[in-house]
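Here are the chains, one letter per residue:
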Amino acid sequence: MTVGEAGSAAAPEVPAPLERVFDQASVDRAARENGLDQVGVRPRLVPYLKDLWTRRAFIKVLAISKAYAENQNTYLGQLWALFSPILNATVYVIIFGFILKVGREGIENTIAFIVVGVFMFRFFERSVMAGAHSVNKNMNLVRSVQFPRAVLPIAGVLAELTVLGPALVVMCVISYFSGFLPIAGTVTIDAYWLLLFPAVGLMWIFSTGCAFLVARWVAITPDLDNLLPHIMRVLMYSSGVIFSIDRYLGQFSWGWIVEYQPVAVYLYLVRSALLNEPAYPPDGTMWLLGVGWAAVFALVGFVVFWRGEERYGRD
Amino acid sequence: MTDIEEVDFEVDPEDLDNSPVVRVPSDELSLLVNDLHVSYRVFGAKKVGHGPGRKQGPLAKLLRRGGRAPAIREVKAIRGISFAARHGEAIGIIGVNGSGKSTLLRAIAGLIPPASGTVHVASNPALLGVNAVLMKDLSGERNIMIGALALGLTPKQVQERYQEIVDFAEIGDFVNLPMKSYSSGMGGRLRFAISASAVPDILMIDEALATGDAGFRAKSKARMDEIRQAAGTVFLVSHSLATIQSMCTRVLWVHDGQLVMDGEPKEVCARYKTFVQEKKKRAKTLH
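Each chain has its residues counted from 1, running along the sequence as written. Each chain gets a letter, beginning with A, and each ligand a number, beginning with 1, in the order they are written. pLDDT decides what is reported in this predicted model: residues at 70 or higher carry local features, side-chain atom pairs at 80 or more are listed and counted, and totals for whole chains, interfaces and linings draw on all residues regardless. Excluded from the side-chain calculations are hydrogens and water; all other atoms, namely the structure's heavy atoms, are used.

Student: I'd like a rundown of the packing of helix H5 (residues 80-99) of chain A against helix H8 (residues 151-178) of chain A, residues and numbers included.
Tutor: Residue and element names in this part refer to chain A. Here the axes come from fitting lines to C-alpha atoms, over the contacting stretch only for helices, and the angles between their N-to-C directions go from 0 to 180 degrees. Under the DSSP-based scheme used, a helix requires at least four consecutive residues in state H or I and a strand at least two consecutive residues in state E, with every element numbered from the N terminus. Two elements in contact, H5 and H8, have axes whose closest approach is 9 Å; the angle formed by their N-to-C orientations is 50°. With respect to their mutual orientation, H5 and H8 come out oblique. Both H5 and H8 take part in a crossing whose hand is right-handed. Counted together, Ala81, Leu82 and Ile86 of H5 and Val163, Pro166, Ala167, Val170 and Ile174 of H8 form the full contact between these two elements. Note that Gly is not counted as nonpolar here; it falls among the polar residues with everything else outside the nonpolar set of Ala, Val, Leu, Ile, Met, Phe, Trp, Tyr, Cys and Pro and the charged set of Asp, Glu, Lys and Arg. The residue makeup of the contact of H5 with H8, split by class, is eight nonpolar, no polar and no charged. If an angle is under 35 degrees, it is roughly parallel; if it is over 145, roughly antiparallel; if it lies from 65 to 115, roughly perpendicular; otherwise it is oblique. Should the near helix be turned counterclockwise from the far one by less than a right angle, the crossing is left-handed, whereas a clockwise turn marks it as right-handed. The contact criterion used throughout is that any non-hydrogen atoms of two residues lie within 4.5 Å.

Student: Run through the nonpolar core, naming residues and quoting values.
Tutor: Within soluble globular proteins, side chains that are nonpolar generally end up buried alongside one another. Residues and elements named next belong to chain A. Residues belong to a common nonpolar core when they are buried Ala, Val, Leu, Ile, Met, Phe, Trp, Tyr or Cys residues joined through side-chain atoms within 4.5 Å. Remark: exposure states derive from per-residue accessible area (1.4 Å probe, protein chains only) relative to the maximum for the residue type, with buried under 20%, exposed over 50%, and partly exposed in between. Ile114, Met120, Phe124, Met171, Ile242, Leu269 and Leu274 are the most contacted members of the largest nonpolar core, which totals 56 residues. Of all the elements in the fold, those that place two or more residues in this core are H5, helix H6 (110-134), H8, helix H9 (196-220), helix H10 (224-237), helix H13 (262-274) and helix H14 (284-307). The element that contributes the greatest number of residues to this core is H6, accounting for 15 residues. With near-sequence residues (within four places) excluded, Met120 lies in contact with Leu164, Leu168, Met171, Val200, Met203, Leu267 and Val270.

Student: So what's going on with unusual backbone geometry? Which residues, and what values?
Tutor: Residues and elements named next belong to chain B. Positioned with a positive phi, Asp35 is a non-glycine residue whose angle comes to about 45°. Mapped onto the secondary structure, Asp35 falls in strand S2 (residues 29-43). Here Asp256, not a glycine, exhibits a phi torsion of approximately 55°, which is positive. By the secondary structure assignment, Asp256 is in the loop between strand S9 (250-255) and strand S10 (258-263). Judged by its relative accessible area of 14%, Asp256 is buried.

Student: Tell me about helix H4 (residues 56-70) of chain A, and name the residues and values.
Tutor: In a helix, the anticipated span is given by 1.5 Å times the number of residues less one. Here H4(A) spans 21 Å end to end across 15 residues, near enough to the 21 Å set by a 1.5 Å rise per residue. Along H4(A), the residues that are buried comprise Phe58(A), Ile59(A), Val61(A), Leu62(A), Ala63(A), Ser65(A), Lys66(A), Ala67(A) and Ala69(A). On its buried side, H4(A) packs onto helix H3 (45-54), helix H7 (139-142) and H8 of chain A together with helix H4 (140-150) of chain B.

Right under this line is the structure:
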C-alpha cells in the first residue's frame, strides 16, 4: 500500500482511520481502577534485581545451551573448545617465544607464561564479544518474550566460563609438563594452585561487568562492534599476554598504568597462582586491586546496562 | 496522503461519529493502548514505506543518488492507534502485509518500545509468533527449557509440563533433534505449545495457526478458549478470515499503521473482504 498505488483511480477503498485518542486523565484513572501497569517503562533497580534473581535457572540453561551450540556443527564437536585455545597458544609460543624471543625476557618458563596468558585473555576477549552480541544476536528472543535483558550478557559470559572450565585443566597440564623441558623453569604443584579459583572468579565478575557495558553500547550504536576487535588487540599487547610488561613497558613513566589496569592484574593473579616465576610472586596489593576492579566494573556495568533496559529490542 | 483518501475521508459517515478525544470505556480492562506510535531505525535503507520499490533505470538511479538517502531512516510502522480490551475478549487483527499488525502485537507485549503513546496491561503478556525462532541449532528439548523458563516458569514447572508440551506439539521423537531439522509446521506447533504452557493473562498469536493442520487448529482453538475462560485476553493475527471469524469476538483492522475499523467480526470481515476483492480485481486488470 504505497502512496503511488493509492493514487490511481481504481484503488480499493479503505475506511478512514479512526481518529480516536483517549484523554490522558481517563487513561490514568482507568489504569488505576483496573490495576494496569504501563508497558515499556524501565523497572526500578531493586525489583529488576529481584526479577533477575528469579531467572537464574533461565540464565544457567541459556549459558549451557549456548556453550554447547557453539561447536555443534563440526565433526570433532566439543573438542574444539580445547583445540582452539591450544592452537592459538601454540602460534604465539612459536612466534613470540622462539622466533622473536620477546616472551623470554625476564621469564623463566616462556611456554607456561604464554599459554596461561593466551588462555586467560581469550576468555576475557570472548566474554566481551559475547556481551557485545548478546542483545543483537538474540533479537528473536528479545522480541518474543519479556524478561530482564541483563540475563543475556550474564548468560553470554557464563557460557564462556563453561567453555573455560575444561580449557583450564588443559592449561594447567601444559604448564606443568612444560616445566620438564630443559629450556624452561620448573612448575610445581603447590597450595598456591588453589588461588586459581578466586582469580578466575574475579576475572569472570570483571568480564561480566565489561559485557554489560559493551552490550548497551553495541545495542545502541552497532558501529562499535567493528571497533571492538581492534580495541581487544591493543588491550592484548598492553596487558602482557605474551611478554613481561615490567621488562618492556616498566621503563616508561606511564608503565604503571599498563601494569595496574584490570586485565593485566588478572593475568598477574593467575600467573602468580600457577607459575614459579620470580617476577610474579603472590602479591596482596594485586589481589586487592583485582577485587576492586571486579566490584567497580560489575556495579557500573550493571547500572549502565539497566538504564538502557527499555530501549533494547527497538533495533 | 492522496486525494483519493481525502475524498474517502469526507464521504465516510462513520468517521463523523468519532470525536478526537474519547473516554476510556469502563469495564474490567486488561489492556489499554493510547495513541501508540512505533518507528523502526533502519540502517542503509534507500526506500521507506511498505510494498515493493519502483523500478528504475540506471539513469534514474544515478540521478537519485547524491546525498538524498541518509544512512539511517525512521520507518513509522504504527501511527497512532488507541483501543481498550476487556478480560475474556478474543481480538483478531487483520490487514494486508506490512500494515503493522505484528509490530502492534510486539509493542503491546512490551517487546518494542513505543516512540510515543502508552500501553497499559494487567500483567506481563506473552507473544507467540511463527517467526520467533528460539535457537535453531538446539534440540526441541533445549528449546522447550529455554522458552518456558524465559516465560517465567520455574524449572520444576517445566519438568512437570514438559511431556504435556511435547504431546501438544505432536513432534514425538523429533524433540531430540535440532530445531533446524523441523518442518515449519512442527516449529510452529512447538512454539505454540511452549507459549500456551504458561497460561498468560494476555496471549498473542501471530499467524501461528496458519502452520497447523485441521486437527492442530481445533486443539489450539480449545487451548485459546481455555485461556480466555481463565479471564485472559487473546490476540490473534491471521490472514485467514475464516480463522478470525471462528475464534474472535472482536476484530481490529489495521491499515498503514492506523486503525481503520474496530468492531464485530462479521461486520469488519465483510468490509475487509470487499476491500481485498477489489484489490484482487485491480491486480488482475493491471496484468
